[in-house]
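Geometric and topological summary
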Amino acid sequence: MNLGQKVFHERGIIFGYRHPQSSATACVLSLFQMTNETLNIWTHLLPSWYFMWRFMATLCMVDFWNDSYSWPLLVYLSTSFIYPFASSCAHTFSSMSKNARHICYFLDYGAVNLFSLGSAIAYSAYTFPAMLVCTTFHHYFVSLAVLNTILSIGLSCYSRFLEIQKPKLCKILRILAFAYPYAWDTIPIICRLFSSSEGSSGEAANPYHQKHTVIAILACFLYAAHLPERLAPGLFDYVGHSHQLFHVCVILATHLQMEAIFLDMTLRKEWLLATSIPPSLSQTAGAICLCIIFSLINILYFSVALYQTPEPELQKKET
């Protein structure tokens, strides 16, 4: 297998690859053909429309223009359908060329980090445990989440340059890039689940937070472990490989997270408005805009670097 082909191959997946120089039309048509990417595409494309419908339905019911309390929800819901749509597009057009594949996933990583920030903004506004509301940690939570997303997009994009020569390091860096922003976002949830100070309004959403956390951890395990295809290469090429299962878990986790946030926003509104300062424009739209700007700068930088980096020589096999 030459270097150009190796970029397109995944561990444990033997059959079902599309041509590595596919046209955009061929990529779109592949949605209706059975390849090893088909279910990767549909498991995020269909949910992206569902989450968009939830966003539009909420937009019609809530007065976002005059109610600053709802701004974090607007930000969160908008990022919830952007990331699966970007993912489905990345999987659709990733077989156009080697560099196109990398750029597609740069954009995918940017969308994932945008959703991570959207989650942090919603958590800060609606889900923080009572013992942490209005603390220093609470005040700087979103600001540090912005920094996390900027570092994460840079690290995840850089990892793609290591795929061939240092695949293990590539995987470690990519997992770290996605895991630590999620871990940061989850701190208030973990504190809340182990806190006894929450009233009945807080307890209503806790089962959703618990299920979301468990399924998100399962998704991370599937992404890292390459199971089950690693145990039976070729058997799960089209249906049932780890990335498909990862997609399903991520979508289910997002749905549970969304239900929890809706519950917290509704049931804790009176208490939150009485005990904390309503979210400002800079903490919501400002944070998202800053993330988008730095993400695009990162993506542009690494995209240009793709065309300036010479092809690495294949390492000789050890004898």
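Residues numbered from 1 in each chain as written. Predicted model: local features only at pLDDT ≥ 70, side-chain atom pairs only at ≥ 80, totals over all residues. Heavy atoms only, no water.

Quick look at the packing of helix H4 (residues 71-93) against helix H10 (residues 242-267)
Relative orientation of the contacting elements H4 and H10 amounts to 170°, with a least axis distance of 11 Å. The pairing of H4 with H10 is recorded here as roughly antiparallel in orientation. Contacts from Leu73, Tyr76, Leu77, Ser80, Tyr83, Pro84, Ser87 and His91 of H4 reach H10 at His243, His247, Val250, Ile251, Thr254, Gln257, Met258, Ile261, Phe262 and Met265. Of the residues belonging to the contact of H4 with H10, the class tally is eleven nonpolar, seven polar and no charged. (Axes fitted to C-alpha atoms, helices over the stretch in contact; angles between N-to-C directions. Helix = DSSP H or I, 4+ residues; strand = E, 2+ residues; numbered from the N terminus. Parallel < 35°, antiparallel > 145°, perpendicular 65-115°, else oblique. Contact = heavy atoms within 4.5 Å. Nonpolar A, V, L, I, M, F, W, Y, C, P; charged D, E, K, R; others polar.)

Brief notes about the UniProt feature "transmembrane region" (unreviewed entry) in the protein chain
The sites that UniProt annotates as "transmembrane region" (unreviewed entry) are residues 73-93, 105-126, 138-161 and 285-307. Along residues 138-161, the helical share is 92% and the strand share 0%, with 36 Å between the first and last C-alpha atoms. Taken end to end, residues 285-307 is 100% helix and 0% strand, and its first and last C-alpha atoms sit 34 Å apart. (UniProt positions renumbered as here; feature names shortened; annotations may be inferred.)

Considering the nonpolar core
Counting residues in hydrophobic clusters, the biggest one holds 48 residues, and the most contacted among them are Leu117 and Tyr126. At the level of secondary structure, the elements contributing two or more residues to this core comprise helix H3 (38-61), H4, helix H5 (98-127), helix H6 (136-159), helix H7 (167-193), helix H9 (206-225), H10 and helix H12 (282-308). Apart from the residues lying within four places of it in its own chain, the contact partners of Tyr126 are Tyr69, Ser70, Trp71, Pro72, Leu73, Arg192, Ile261, Asp264, Met265, Arg268 and Leu272. (Core = buried A, V, L, I, M, F, W, Y, C linked by side-chain atoms within 4.5 Å. Buried < 20%, exposed > 50% of the residue type's maximum accessible area, 1.4 Å probe, protein only.)

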